[in-house]
Amino acid sequence: MRSPYFALLALSLLTTRAALAETPPADVAAAGEEDPLAQFAWQMEGQGKLGTRATLEIPQGFRFLEAAEASRLVEAMGNLTSRKEVG
């Protein structure tokens, strides 16, 4: 049986590059709206820590959120959070 952390890691890695691009989507930029993802403390380079369980390299062009910020993102997207997210 796989750990729920494996699923979280897999989901993080499978997130599309466009959704995590450093610039907002064209429709947001054209409308003059602020990028809603800009309110989060994204880590753009270096290593991301998944709690005390793992550390991963953040590839160029991708973003990573530490545990507390990941919980905030989950809530901002209208989903329930356990507050046990690790990143």
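What comes next is a walk through the structure. (Residues numbered from 1 in each chain as written. Predicted model: local features only at pLDDT ≥ 70, side-chain atom pairs only at ≥ 80, totals over all residues. Heavy atoms only, no water.)

Let us look at the environment of Q47. Of note, Q47 is situated in strand β1 (residues 47–50). Taking the C-alpha atoms as reference, Q47 lies 4.5 Å from E57; in sequence the two are ten residues apart. Beyond its immediate stretch of four places on either side in the chain, Q47 contacts T55, L56, E57 and I58. For Q47, the side chain forms a polar contact with the side chain of E57, separated by 2.8 Å. (Helix = DSSP H or I, 4+ residues; strand = E, 2+ residues; numbered from the N terminus. Contact = heavy atoms within 4.5 Å. Polar contact = N/O pair within 3.5 Å; in protein donor to acceptor, adjacent residues only side chain to side chain.)

All right, on to the pairing of strand β2 (residues 54–57) then. Here β1 pairs with β2 via four bridges, running antiparallel. For G48, the partnering residue across the bridge sits in β2 and is L56. Between β1 and β2, which pair antiparallel in sequence order, lie three residues; one of them, G51, sits at a positive phi of approximately 60°. (Pairing = 2+ DSSP bridges.)

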